[in-house]
Amino acid sequence: MTPPVAYFMIFKYLPMANAVLAFKNYNVIKGIWGSPWVGMKYFDLFFQNPAFKTLIVNTLYISFYQLAVSFPIPIILALALNEVKNVRFKKTVQMVTYAPYFISTVVMVSIVMLFLSPRLGIVNTIANALGFESVNYLGDPSLFRSVYVFSDVWQTMGYSAVIYLAALSGVDPSLYEAAKVDGASRFQKILNVDIPGIMPAAVIILILSVGSIMAVGFEKMYLLQNPLNLSTSEIISTYVYKIGLLNANYSFATAVGLFNSVINLVLLLVVNTIARRVSNTSLW
């Protein structure tokens, strides 16, 4: 256990001490601990910033949208694959749905851009052949969120389904035999045996997903951004990058990032408490 414990201590826990930068006016020469204390100054600046409401709304909207779509689809895929009797077909579907997870974010974004290109993209080419006009999916703010969420589902659903397939493999076979004796249909088996069997794993994944709901993927969001969709694509993580690294306003960016982390922590605690009381399954 020493290597992973050392990794988390050095790269995760020790750097938390430098979060004090959010309460200081950072000076490169004096360093983090030598810089003057300014208290809640940067938090106040963020809350009074005209972009504050837009950042919060965009982050929450995309996060909940992504959670609502990406959470049930892997479960449905796993349940469907579990019912497939043809082993070759089952493995082929698993491979096809699992493969996109290994594609890097940059390549995935390039694929999405090529597919959705207004002039040469395959989606608009098919639409034109059917008599529809081309649509600039990445240039329309109202469509950007759906593009982001469903491309993410495409990339991750196969990987997420593996967890549920593993949970399904651990279901007691005698339960299926009992259901068969009772004359249960396939759907009734799924409803009364499979879903209760994967429920503990699903609850844990849901808690972890809600606990990171404010941490929308930075890389993909930043790469898909353009001046046309910025009104719906600008989120807290991209804002922190632009303010903190591009504008070298480290204290302000740290304050925004710390605010984001605190919200995630509160959501994690709340959802874990609710899950423990409702289903008796929780992280702790």
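Scope of this entry: the structure provided in the associated data block. (Residues numbered from 1 in each chain as written. Predicted model: local features only at pLDDT ≥ 70, side-chain atom pairs only at ≥ 80, totals over all residues. Heavy atoms only, no water.)

Quick word on the packing of aromatic side chains
What counts here: The pairing test for Phe, Tyr and Trp rings, Trp by its six-membered ring, is centres within 6.5 Å, and the orientation test on the planes gives stacked under 30 degrees, edge-to-face over 60, and tilted for anything in between. With a 1.4 Å probe rolled over the protein chains alone, any residue whose accessible area is under 20% of its type maximum counts as buried; one over 50% counts as exposed, and the rest are partly exposed. The secondary structure listing takes helices from DSSP runs of H or I that are at least 4 residues long and strands from runs of E that are at least 2 residues long, numbered from the N terminus. Geometrically, a charge over a ring is one whose NZ (Lys) or CZ (Arg) sits within 6 Å of the ring centre while staying within 35 degrees of the ring normal.
Tallied over the full model, the rule gives 23 aromatic pairs. Ring geometry for Phe46 and Phe52: centres 5.0 Å apart, planes at 85°, overall edge-to-face. A relative accessible area of 1% places Phe46 in the buried class. By relative accessible area, Phe52 is classed as partly exposed at 22%. Aromatic side chains Phe47 and Phe259 sit 5.5 Å apart centroid to centroid with 75° between the ring planes, which places their arrangement in the edge-to-face category. Of this pair, Phe47 sits in helix H3 (residues 41–48) while Phe259 sits in helix H15 (residues 250–279), and the two are 212 residues apart along the sequence. Judged by relative accessible area, Phe47 falls into the partly exposed class, the value being 38%. Among the residues examined, Phe259 registers a relative accessible area of 16% and is labelled buried. Among the aromatic residues, ring-to-ring pairing joins Phe46, Phe47, Phe52, Tyr239, Phe252 and Phe259 into one connected group. Here the guanidinium or amino end of Arg145 rests over the ring plane of Tyr61, the centre of that ring lying 3.9 Å away. Above the ring of Tyr148, the side-chain terminus of Lys220 is found at 5.2 Å from the ring centroid.

As for a nonpolar patch on the surface
How we decide: Residues enter patches when they are more than 30% accessible in relative terms and free of salt bridges; like-charged ones are connected within 9 Å and nonpolar ones (Val, Leu, Ile, Met, Phe, Trp, Tyr) within 5 Å. For every accessible area listed, the method is Shrake-Rupley and the probe measures 1.4 Å; residues are considered covered only by the protein chains on display. Salt bridge, as used here: a side-chain nitrogen of Lys or Arg that lies within 4 Å of a carboxyl oxygen of Asp or Glu.
Judged by side-chain polarity, Met1, Val5, Tyr7, Phe8, Met9, Ile10, Phe11, Tyr13, Leu14 and Met16 come together as a nonpolar surface patch covering roughly 1,100 Å² of accessible area. Within the fold, Met16 resides in the loop between helix H1 (2–13) and helix H2 (31–34). The exposure class of Met16 is exposed, given its relative accessible area of 53%.

What to know about unusual backbone geometry
We note that Ala248 has phi near 60°; this positive angle belongs to a residue other than glycine. Examined against the element boundaries, Ala248 turns out to sit in the loop between helix H14 (236–246) and H15.

A short note on helix H6 (residues 87–98)
Applied cut-off: In this analysis, the expected span of each helix is defined as 1.5 Å times one less than the number of residues it contains. Under the rule applied, a polar contact is a pair of N or O atoms within 3.5 Å (in protein, one hydrogen donor and one hydrogen acceptor; residues adjacent in sequence only if both atoms are side-chain atoms).
In this model, H6 (12 residues) spans 16 Å end to end at C-alpha, consistent with the 16 Å of a helix rising 1.5 Å per residue. At the N-terminal end of H6, a side-chain oxygen is found 3.1 Å from the backbone nitrogen of Arg88, two or three residues along, and the residue is Asn86.

A few points about the nonpolar core
Applicable threshold: Residues enter a nonpolar core if they are buried and are Ala, Val, Leu, Ile, Met, Phe, Trp, Tyr or Cys, with the set joined through side-chain atoms within 4.5 Å. Two residues form a contact once any of their heavy atoms are found within 4.5 Å.
Counting 36 residues, the largest nonpolar core has Phe46, Ile75, Tyr164, Ile198 and Phe252 as the members making the most contacts within it. Contributions of two or more residues to this core are made by H3, helix H4 (52–70), helix H5 (72–83), helix H9 (141–169), helix H11 (186–211), H14 and H15. The element that contributes the greatest number of residues to this core is H15, accounting for seven residues. Sequence-distant contacts of Ile198, that is, excluding residues within four places in its chain, are made with Ile75, Leu79, Tyr164, Ala167 and Leu168. Val147, Tyr148, Val216 and Met221 belong to the second largest nonpolar core, which has 16 residues in total.

Section: H14
In an α-helix, one turn spans 3.6 residues, which is why side chains three or four residues apart end up on the same side. Every buried residue of H14 is listed here: Ile236, Thr238, Tyr239, Lys242, Ile243 and Gly244. Against H3, H4, helix H12 (218–224), helix H13 (230–233) and H15 lie the buried residues of H14. Of the residues flanking the end of H14, it is Ala248, one or two places downstream, whose phi is positive at about 60°.

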